[in-house]
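Analysis of the macromolecular model
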Amino acid sequence: MALAWYIVHTYSGFENKAKLALEDAIRRHGLESKFGEVLVPTETVVEVKDGQKRTTTRKVYPGYMFVQMELDNETMHVVKSTPKVTGFIGGDRAPPPVPEAEIRRITHQDGDEDETVARPVVEFERDDEVRIIDGPFASMKGRVDEVNPARLKLRVLVSIFGRTTPVELDFTQVERLG
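All of the points below concern the structure found in this document. (Residues numbered from 1 in each chain as written. Predicted model: local features only at pLDDT ≥ 70, side-chain atom pairs only at ≥ 80, totals over all residues. Heavy atoms only, no water.)

**What about the packing of aromatic side chains?**
In this structure the tally under the stated criterion is four aromatic pairs. Plain terms: the ring middles of Tyr6 and Phe88 are 6.3 Å apart, the flat faces sit at 90 degrees to each other, and that makes the pair edge-to-face. Of this pair, Tyr6 sits in strand S1 (residues 4–10) while Phe88 sits in strand S6 (residues 85–88); the two residues are 82 residues apart in sequence, bridging distant segments of the chain. One exposure class covers both Tyr6 and Phe88, and it is buried. Ring centres of Tyr61 and Phe66 lie 5.7 Å apart, and the angle between their planes is 65 degrees; this geometry places the pair in the edge-to-face category. Lys84 extends its terminal NZ or CZ atom over the ring of Phe14, reaching a point 4.9 Å from the ring centre. (Phe/Tyr/Trp six-rings, centres within 6.5 Å; stacked < 30°, edge-to-face > 60°. Helix = DSSP H or I, 4+ residues; strand = E, 2+ residues; numbered from the N terminus. Buried < 20%, exposed > 50% of the residue type's maximum accessible area, 1.4 Å probe, protein only. Lys NZ or Arg CZ within 6 Å of the ring centre and 35° of its normal.)

**Looking at the sheet that holds strand S8 (residues 129–132)**
Spatial ordering of the open sheet is given by S11-S10-S9-S8-S12, a layout of five strands whose pairing is antiparallel. Each edge of the open sheet is held by one strand with a lone partner, namely strand S11 (163–170) and strand S12 (174–176). Strand-to-strand twist in this sheet, taken as the mean axis angle between neighbours without regard to direction, amounts to 40 degrees. The pairing of S8 with strand S9 (residues 141–148) spans three bridges and is classified as antiparallel. Paired with Val130 across the strands is Gly142, a residue of S9. (Pairing = 2+ DSSP bridges. Axes fitted to C-alpha atoms, helices over the stretch in contact; angles between N-to-C directions.)

**A short note on helix H2 (residues 73–80)**
When we look at burial in H2, the residues that qualify are Thr75, Met76, Val78 and Val79. Each buried residue of H2 sits inside an arc of 160 degrees when the element is viewed along its axis, so together they form one side. For H2, exposure combined with an orientation more than 90 degrees from the buried face picks out Asn73 and His77. Those residues of H2 that are buried are in contact with S1, helix H1 (15–28), strand S2 (35–39), strand S5 (64–69) and S6. N-cap assignment for H2: the residue whose side-chain oxygen lies 3.1 Å from the backbone N of Glu74 is Asp72. (Arc of directions from axis to C-beta. Contact = heavy atoms within 4.5 Å. Polar contact = N/O pair within 3.5 Å; in protein donor to acceptor, adjacent residues only side chain to side chain.)

Encoded structure:
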């Protein structure tokens, strides 16, 4: 039987402990040949707090991990009896496998996205009041005129010499006011 991917529900905030406990249980039971990878997908995000950019890592799916395994009674028992694991998504009797293409998308192996690009946490909307914190317009205030989430860009209207001027900025160059 081939290895397939399954989604396992864990206690939120304990994904990494559940992963380590499962990997330890797999070794203790000598089932390395029936298991592949155990993933807790994360992403790098940029947060702007108090005018400072901070790059952090956060879990993409809090409360879940992805387990590559051969599904049988023995392997299911090992997974379900792991501390901090509550069960399989889709039912504990015969959970459906996750398509390989979906796993590649989640782990950014499909070529659609560069893993090294940090995603900003802040989402902006038209008419939000913002302060520019980086670049030649730093410390100026403006109003969001247009949001382009695909490019992570904003068009912000600022007043320069008494005239309203549109300026294109990255999400990371501004912080929302209020």
